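Structural overview
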Amino acid sequence: MSTFPNKSLLLAACAACIGGTFQYGYNVSIINAPTKSIQNFINQTWLERYQTDISEQALTLLWSTIVSMFTLGGFVGTYIGGTLSIKIGRKGTLLANNSFAIIAALLMGLSQHTEKFELLIVGRFLIGVNAGIAICVQPLYLGEIAPTAVRGAMVMATSIFLTGGILTGQVIGLNELLGKEEYWPILLSTTCIPAFLQLLILPHFPESPRYLLIDKEDDEGCKNALKQLHGEDSFHSEREEMEKERIVAIGVQAKKPWELFTDHSLRWQLLTIILLNSVQQLNGINAIYFYAGYVFSESGIPSDKIPYATVGTGVCECITALTCGMLIECLGRKVLIMGGYALMSICCVSFTVTLTFQDANPFAPYISMACVFAFILSFGLGPGGVTNTLTTELFTQTTRPAAYMIAGSVNWFSFFLIGMIFPFIVIGLKQYCFLVFLVICCLAGTYIFFVVPETKNKTFLEIHNEFQSRDKKLSGTDVPRTTLSLTHL
């Protein structure tokens with residue numbers, strides 16, 4: 001079989017991503033441009049309601065609530081997505097998920113006209129639910145429709161479209177487009193566009209073949225889906241691999257998240273996704289974006305031009321995500337994610353030094369700016385893209401949805417946690433906060449080196465059996481039934 005994906009497979013991936021992680025990235029970035037405009041709207045609405053200006057503390061609280069609702073919604077969406085992906089399928093869940101985005105766009109778009117800032121809070125919560133479902137179900141769908149030979153590159157579409165969404169939001173939020181104060185309701189309501197695009201395109205592509213065969217026992221539907229996605233002459237090997245996993249899964253129901261914690265054979269996989277998804281948020285990438293504006297300003301970039309420099313960081317992210325997608329099947333997952341954390345560790349040291357001597361040397365601000373882009377490049381080349389791929393590959397069909405619920409919960413909780421504690425870390429440690437992130441990156445890289453196997457060109461059962469073999473060596477017990485089943489087949 002050709003290692004280049006079938007045209008239909010690529011289009012199916014794009015259809016899944018446009019209303020999935022593209023939507024997620026878009027909504028992460030578009031809220032930044034109208035910050036001042038929305039705060040003015042809240043102040044004006046408060047004045048008309050209560051005939052007094054809102055206090056600075058109350059305004060900060062309301063704005064923080066609007067922003068944090070996205071995280072809370074994402075946390076809730078993770079569990080909704082994992083549950084629905086089992087009941088109505090991966091494709092069905094992605095299509096249903098667009099209802100949250102459309103309702104959210106309507107509420108946020110009407111908030112100014114109705115003079116109700118509460119609609120922004122509800123809208124941001126609903127779009128957060130949409131993002132939580134998307135980040136859980138989309139990589140699940142991509143990993144299950146892709147052939148083993150290109151599975152890593154296909155799942156990388158998750159990160160490629162996420163960074164593309166962030167960049168699009170940054171560009172749309174510029175003053176030349178929808179960044180002016182009077183346009184902010186239109187800017188927030190544009191989130192319905194990716195939703196409508198997915199509703200138009202995704203129905204033309206099939207449900208996950210693996211879901212159809214193993215979960216629904218629909219052999220004919222699985223064959224038709226594979227033919228459409230992989231081509232008439234190229235689907236047989238994938239069908240055989242799915243059949244092996246189906247036989248192993250006979251009589252086994254899809255597991256709940258809490259059941260994974262009691263399954264001794266999954267302890268290393270579970271520990272790995274918990275660590276990788278938490279470190280993905282706690283590795284310093286948010287600190288880099290926090291300091292980016294200051295570094296650009298110190299480098300001599302005028303304040304009104306800093307948004308354009310920020311767009312440059314978005315372009316940087318997109319380039320690295322695309323690069324990672326091209327390299328992941330060549331170099332493997334382990335090399336990329338370890339290399340990414342190693343480079344990020346070097347950047348943490350360099351950035352700490354340059355920020356410390358920012359005023360002592362005229363070249364320090366420019367070196368700091370180079371460190372910003374180098375850190376973003378390192379993150380996108382490894383942890384930013386490979387983490388989702390590993391979450392897909394370390395589990396089999398009956399445990400994967402539950403694993404994504406756990407991984408998503410950890411990711412969203414870490415996102416919320418870093419948002420809460422990061423300001424205090426910066427106040428207390430200033431530029432030396434990057435030494436904390438240095439330790440986190442080094443520990444993550446060390447864990448990956450000793451624990452995480454290379455998953456390139458391996459089936460889901462082969463990866464599962466590799467972990468079970470490790471458990472066997474550690475405990476001295478017999479090889480579990482899943483390994484034997486694969487051997488006899």
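Now for a quick tour of the structure. (Residues numbered from 1 in each chain as written. Predicted model: local features only at pLDDT ≥ 70, side-chain atom pairs only at ≥ 80, totals over all residues. Heavy atoms only, no water.)

1. Considerations on a nonpolar patch on the surface
- Side chains of F75, Y79, F413, F416, L417, M420 and I421 sit close together on the surface and give an oily, nonpolar patch of about 610 Å² of accessible area.
- For the nonpolar patch, the secondary-structure elements that each account for two or more residues are α4 (56-87) and α21 (400-429).
- With 5 residues, the top contributor of residues to the nonpolar patch is α21. (Patch = residues over 30% accessible without salt bridge, like charges linked within 9 Å, V, L, I, M, F, W, Y side chains within 5 Å. Areas by Shrake-Rupley, 256 points an atom, 1.4 Å probe, with all protein chains shown as cover. Salt bridge = Lys/Arg side-chain N within 4 Å of Asp/Glu carboxyl O. Helix = DSSP H or I, 4+ residues; strand = E, 2+ residues; numbered from the N terminus.)

2. Observations regarding the packing of helix α18 (residues 333-356) against helix α19 (residues 364-381)
- Two elements in contact, α18 and α19, have axes whose closest approach is 8 Å; the angle formed by their N-to-C orientations is 165°. In this view, α18 runs roughly antiparallel relative to α19, as classed from their interaxial angle. α19 is crossed by α18, and the crossing has left-handed handedness. Contact residues: α18 offers L336, G340, L343, M344, C347, C348, S350, F351, T354 and L355, while α19 offers A364, I367, S368, C371, V372, A374, F375, S378, F379 and L381.
- Broken down by class, the residue content of the contact of α18 with α19 amounts to 15 nonpolar, 5 polar and no charged. (Axes fitted to C-alpha atoms, helices over the stretch in contact; angles between N-to-C directions. Parallel < 35°, antiparallel > 145°, perpendicular 65-115°, else oblique. Left-handed = near helix turned anticlockwise from the far one by under 90°. Contact = heavy atoms within 4.5 Å. Nonpolar A, V, L, I, M, F, W, Y, C, P; charged D, E, K, R; others polar.)

3. Focus: the side chain of Q397
- Summarising the element assignment, Q397 is placed in the loop between α20 (383-393) and α21.
- In this view, Q397 contacts R90, E144, R210, Y211, I214, D215 and E245; residues no more than four positions away in its chain are not counted.

4. Quick notes on the nonpolar core
- Membership of the largest hydrophobic core comes to 44 residues, with the highest contact counts inside it found for Y341, F351, F434 and F437.
- Secondary-structure elements contributing two or more residues to this core are α15 (267-282), α16 (285-298), α17 (306-331), α18, α19, α20, α21 and α22 (433-451).
- Ranked by the residues each element gives to this core, the list is headed by α22, at 9 residues.
- In this structure, I30, I42, F70 and I127 belong to the second largest nonpolar core, which totals 33 residues. (Core = buried A, V, L, I, M, F, W, Y, C linked by side-chain atoms within 4.5 Å. Buried < 20%, exposed > 50% of the residue type's maximum accessible area, 1.4 Å probe, protein only.)

5. Focus: the layout of surface pockets
- Estimated volume of the second largest pocket: approximately 490 Å³.
- Elements with a minimum of two residues in the lining of the second largest pocket: α4, α11 (209-215) and α14 (257-262).
- Examining the composition of the lining of the second largest pocket, we find that 4 residues originate from one element, α11, more than from any other. (1 Å grid on protein atoms, 1.4 Å probe; cavity = no way out; pocket = protein on both sides within 12 Å on 5 of 7 lines; lining within 4 Å. Points joined across faces, edges and corners; volume = space filled by probe spheres on them.)

6. Points about the pattern of salt bridges
- Applying the stated rule across the entire model yields 14 salt bridges.
- For E118, the salt bridge identified is with R49, shortest N-O distance 2.8 Å. Here E118 is found in helix α6 (residues 118-145), whereas its partner R49 is found in helix α3 (residues 35-50), with 69 residues between them in sequence.
- Overall, E118 belongs to the partly exposed group, its relative accessible area being 32%.
- By relative accessible area, which is 30% here, R49 ends up partly exposed.
- One continuous salt-bridge network, built from bridges that share partners, spans D219, K223, R239, E243 and R246.

7. A word on the environment of C433
- Summarising the element assignment, C433 is placed in helix α22.
- The exposure class assigned to C433 is buried, which follows from its relative accessible area of 0%.
- As for C433 and N224, which are separated by 209 residues in sequence, their C-alpha atoms are 54 Å apart.
- The contacts of C433, once residues within four sequence positions are left out, are Y291 and I425.

8. Here we look at the environment of Q112
- By secondary structure assignment, the location of Q112 is in helix α5 (residues 90-114).
- With relative accessibility at 35%, the residue Q112 sits in the partly exposed group.
- Remark: the alpha-carbon pair of Q112 and T455, spanning 343 residues in sequence, is separated by 50 Å.
- Setting aside anything within four residues of it in sequence, one finds Q112 in contact with F41, W184 and P185.

9. Considerations on the packing of helix α1 (residues 7-18) against α6
- Packing of α1 against α6 brings their axes to within 10 Å, and their N-to-C directions diverge by 175°. With respect to each other, α1 and α6 are oriented roughly antiparallel. Here L9, A12, A13, A16 and C17 of α1 lie close against α6, whose contacting residues are Q138, Y141, L142 and I145.

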